[in-house]
Amino acid sequence: MKREPFLKMAKREKISWQKRLLIRFIALLLSLIVCAGVIFLLVRMNPMDVYKAIWDGALGSERRVWITLRDTMVLLCIAIGLAPAFKMRFWNIGAEGQILVGGACAAAVMIYAGDSMSPVLLLIIMFVCSALGGMIWGMIPGVFKAYWNTNETLFTLMLNYVAMQIVTFCIVFWENPKGSNTVGIINQTTQAGWLPELFGQKYGWNVLIVLVFTVVMFIYLKYSKQGYEIAVVGESENTARYAGIRVKRVIIRTMAISGAICGVAGVIVSGASHTISTATADGRGFTAIIVAWLSKFNTFIMLAVSFGIVFMQQGAVQIATQYGLNENASDVILGIILFFLIGAEFFINYKVERAKK
């Protein structure tokens, strides 16, 4: 005789936003409890002291607050760029390459046109060129996917390595002084192409530009005709064709937008550090994938998720300095928190209930 299971899973038809928030809050609370246990077992330290050190590392002073905001805006910008592609079910894993190409284009403008343009015009051209560079790098896999149905995951991933080699060539070509294998600070004397302060803050423009992107992308995906087409193509290309949507055009256009925004993230990063290197992206392109997925492509939720991840990353430096711990200790804590938050999505989409006899 076949025994019926005691519990069964069923997909939720509908769940209120209050319940979704409650599930995520419970997951976060449980993750912090588990993190506390892990910290005590590994280093025999008071978990609250470690949490306090993380807080101080990210928000302990005005300078740290602005560094945390700067890195949050960069990560958010990349996640915003990935959002339309992922909503279309186009797995753009090439944000790292698009960032590098955008940053290289901005650096080239700074080097070759820094002394021949007004500061405002120079900055505008820098942003335009970085967006165009990222757009082209994003459109390449988009065109191949649209016309020849290539695997976009492998294509965009391999383009990351191509972009890295292009940046390496540029560094060797631009290196100053020769033989240093680094471009160094570009236009350090004239500061041509450097973003000016806004409201007395060094990274004020970074924050303003990305917040504008956040609002515009939210409206674009949720209320525009093109945003609707992206959603339909993501659900079913056959349905989209039946509805009269030109799928190839949507794929190429969406990847152009995605690549352009990631390219602008490149100029924001290189503009803040005033240089370019193969480590300019610094893995943010892959971290932004987590941000986009956890946020369900809602750009305002991306802001909160990006801040949380950067908060933990900045706290890692303080842990290493204050307690002599490896910075990977914070990565372990962040990994546990993300594990619980991702697991919470299961309970948001499914419910576990007692099987009926």
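Reading guide: rules and limits
Residues numbered from 1 in each chain as written. Predicted model: local features only at pLDDT ≥ 70, side-chain atom pairs only at ≥ 80, totals over all residues. Heavy atoms only, no water. Helix = DSSP H or I, 4+ residues; strand = E, 2+ residues; numbered from the N terminus. Buried < 20%, exposed > 50% of the residue type's maximum accessible area, 1.4 Å probe, protein only. Contact = heavy atoms within 4.5 Å. Axes fitted to C-alpha atoms, helices over the stretch in contact; angles between N-to-C directions. Nonpolar A, V, L, I, M, F, W, Y, C, P; charged D, E, K, R; others polar. Phe/Tyr/Trp six-rings, centres within 6.5 Å; stacked < 30°, edge-to-face > 60°. Lys NZ or Arg CZ within 6 Å of the ring centre and 35° of its normal.

Chemist: Looking at this model, I keep getting lost on the environment of Leu211. Mind explaining?
Modeler: Relative to the elements of secondary structure, Leu211 occurs in helix α7 (residues 204-223). The class of Leu211 is partly exposed, set by a relative accessible area of 36%. Residues Leu211 and Thr299, 88 residues apart in the sequence, show an inter-C-alpha distance of 9.6 Å. Sequence-distant contacts of Leu211, that is, excluding residues within four places in its chain, are made with Met73 and Leu303.

Chemist: Can you help me understand the packing of α7 against helix α8 (residues 225-235) in this one?
Modeler: The angle between the axes and the distance between the axes are what describe a pair of packed helices. Between α7 and α8, the shortest axis-to-axis distance is 5 Å and the interhelical angle comes to 65°. Where α7 abuts α8, its residues Tyr220, Leu221 and Tyr223 lie against Lys225, Gln226, Gly227, Tyr228 and Ile230. Residue composition of the contact of α7 with α8, grouped by class: 5 nonpolar, 2 polar and 1 charged.

Chemist: What is the right way to read the packing of aromatic side chains from this model?
Modeler: Each aromatic ring pair is specified by the distance between its two centres and by the angle formed by the two planes. For the coordinates displayed, the defined rule picks out 16 aromatic pairs. Here the aromatic rings of Tyr147 and Trp148 are separated by 6.0 Å at their centres, their planes lie at 50°, and the arrangement is tilted. Classification of Tyr147 as partly exposed rests on a relative accessible area of 48%. An angle of 40° between the planes, with centres 6.0 Å apart, marks the rings of Phe307 and Phe311 as tilted. Of this pair, Phe307 and Phe311 both sit in helix α12 (residues 299-323), 4 residues apart, which is roughly one turn of the helix. A residue is classified by how much of its surface remains accessible, and Phe307, at 31% relative accessible area, is partly exposed. We classify Phe311 as buried; its relative accessible area is 14%. A connected cluster of aromatic rings, assembled from ring pairs, spans Phe86, Trp91, Trp293 and Phe297. Taking the ring centre of Tyr203 as reference, the NZ or CZ of Arg70 above it sits at 5.1 Å.

Functional significance is not addressed by these values, which are geometric in nature.
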